[in-house]
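# Inside the fold
If you want the building blocks of each chain, they are given just below.
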Amino acid sequence: MSVSRRALLTTAAGTAVAATSIAPPAQAAQKAPGHAATLGETADYAVAKLRAVAPGVSGFPVGTKFEKWTYSQNGDWVGGFWPGTLWMAWLHSGEERFRTLALASAEKLAPRQNDTGTHDLGFLFYPSWVTAWRLTGDDTWRTGAIRAASSLIRRYNPQGRFIRAWGALNDPANAGRVIMDTMMNLDLLAFASSQTGDGKYLDIAVEHARTNQRNFPRPDGSTPHVYDFDPASGAPLGPGTV
């Protein structure tokens, strides 16, 4: 892996991967029993898997049924993970096919930029569109990611200082429901503030995180999946799960 490609990997994924001379997967498999695979060998193995399955992927993989992928065509809540995985494969291998597939997959998420019915816009747009912008420089991806962040902050409840997890904005059901998973969607808001200079995105992310910090942790350090609030007053009601 070249220095420039290593830098791109660090930028795109947020984590630096050590650049070492790694045997191909076939050679790695022949090592002595008990050999612990290196990160590079594991990445080689993953890329080999992707090389085999990617041409047959017909949508966004959501899960498996009877050992076969099940797909969503609009991305469901996991849509960013497939293009994100393809970007990582391209960065590790340099194979242009992964870049081509990553761009085509990310483009299919375009209609979701304006989706105000879910908190999962970070999952959808950070690994896919933010990464596409960082690796291509095409401002279309950056603009779309910021638009998705603007859709996400519409779910913010200023009374309770939280981002609502589920349900349409005009649907009273789940109006005060917060889930721990939203924490992983907040990077998109930090990105939007850093790119626009508008602090409102990051402010909402921080307030949501502080609300979680005050209410979710149990004495033993674990957390529930769900915490409910009164959507009108913002008062905490208690934990739950789905």
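For every chain, the first residue of its written sequence is number 1, and the numbers climb from 1 along that sequence. Local features in this predicted model are restricted to residues whose pLDDT is 70 or higher, and side-chain atom pairs enter the listing and the counts only when it is 80 or higher, whereas totals over whole chains, interfaces and linings include all residues. Excluded from the side-chain calculation are hydrogens and water; included are all heavy atoms of the structure.

### Description of the pattern of salt bridges
Should a side-chain nitrogen of Lys or Arg be within 4 Å of a carboxyl oxygen of Asp or Glu, the pair is scored as a salt bridge. In this structure the tally under the stated criterion is nine salt bridges. In this structure, the salt-bridge partner of R210 is E207, at a minimum N-O distance of 3.4 Å. Of the two residues, R210 and E207 both sit in helix 9 (residues 200-215), three residues apart, roughly one turn of that helix. Taking the relative accessible area as the measure of exposure, E207 reaches 19% and is therefore buried. Within the structure, one salt-bridge network assembled from shared partners comprises R51, E95 and R97. Numbering of helices and strands runs from the N terminus; a helix is a DSSP stretch of H or I covering at least four residues, while a strand is a stretch of E covering at least two. Partly exposed describes any residue whose relative accessible area lies between the buried limit of under 20% and the exposed limit of over 50%, with all areas from a 1.4 Å probe on protein chains only and scaled to the type maximum.

### Some points on unusual backbone geometry
Even without being a glycine, E67 presents a positive backbone phi close to 65 degrees. Mapped onto the elements of the fold, E67 is located in the loop between strand 1 (60-65) and strand 2 (68-72).

### Some thoughts on the sheet that holds strand 7 (residues 236-240)
If you walk across this open sheet you meet the three strands as 5-6-7, and the pairing is antiparallel. The open sheet has two edge strands, strand 5 (177-179) and strand 7, and neither has a second partner. Between one strand axis and the next, the sheet turns through 25 degrees on average, direction left out of account. Pairing between two strands requires that DSSP report at least two bridges joining them. Axis geometry follows a simple rule: fit a line to the C-alpha atoms, using only the stretch in contact for helices, then measure angles between N-to-C directions, giving values from 0 to 180 degrees.

### Focus: the side chain of T211
You can see T211 is positioned in helix 9. On the basis of relative accessible area, T211 is assigned to the buried category, the value being 1%. Under this definition, polar contacts are N or O atom pairs within 3.5 Å; protein pairs additionally need one hydrogen-donor-capable and one acceptor-capable atom, and for neighbouring residues in sequence, both atoms have to be side-chain atoms. Reaching out from T211, the side chain makes a polar contact with the backbone oxygen of R161 at a distance of 2.5 Å. Whether two residues are in contact is decided by their heavy atoms: any pair within 4.5 Å suffices. The contact partners of T211, leaving out residues within four places of it in the chain, are G160, R161, F162 and F229.

### Points about the nonpolar core
Among the nonpolar cores identified, the biggest contains 41 residues, and F98, F125, W129, I163, L188, L189 and Y201 are the most heavily contacted of them. Secondary-structure elements contributing two or more residues to this core are helix 3 (39-53), helix 4 (81-93), helix 5 (96-107), helix 6 (121-136), helix 7 (139-153), helix 8 (187-196) and helix 9. Ranked by residue count, the leading element in this core is helix 6, at eight residues. Apart from the residues lying within four places of it in its own chain, the contact partners of I163 are H119, L152, R155, Y156, R177, V178, T182, L186, L189, I204 and H208. What we call a nonpolar core is a set of buried Ala, Val, Leu, Ile, Met, Phe, Trp, Tyr and Cys residues that are connected through their side-chain atoms within 4.5 Å.

### A closer look at the environment of V226
Take V226: it is sitting in strand 6 (residues 226-229). Judged by relative accessible area, V226 falls into the buried class, the value being 0%. For V226 and T241, which are 15 residues apart along the polypeptide, the C-alpha to C-alpha distance reads 4.9 Å. Sequence-distant contacts of V226, defined by excluding residues within four places in its chain, comprise W166, R177, V178, I179, F216, P239, G240, T241 and V242.

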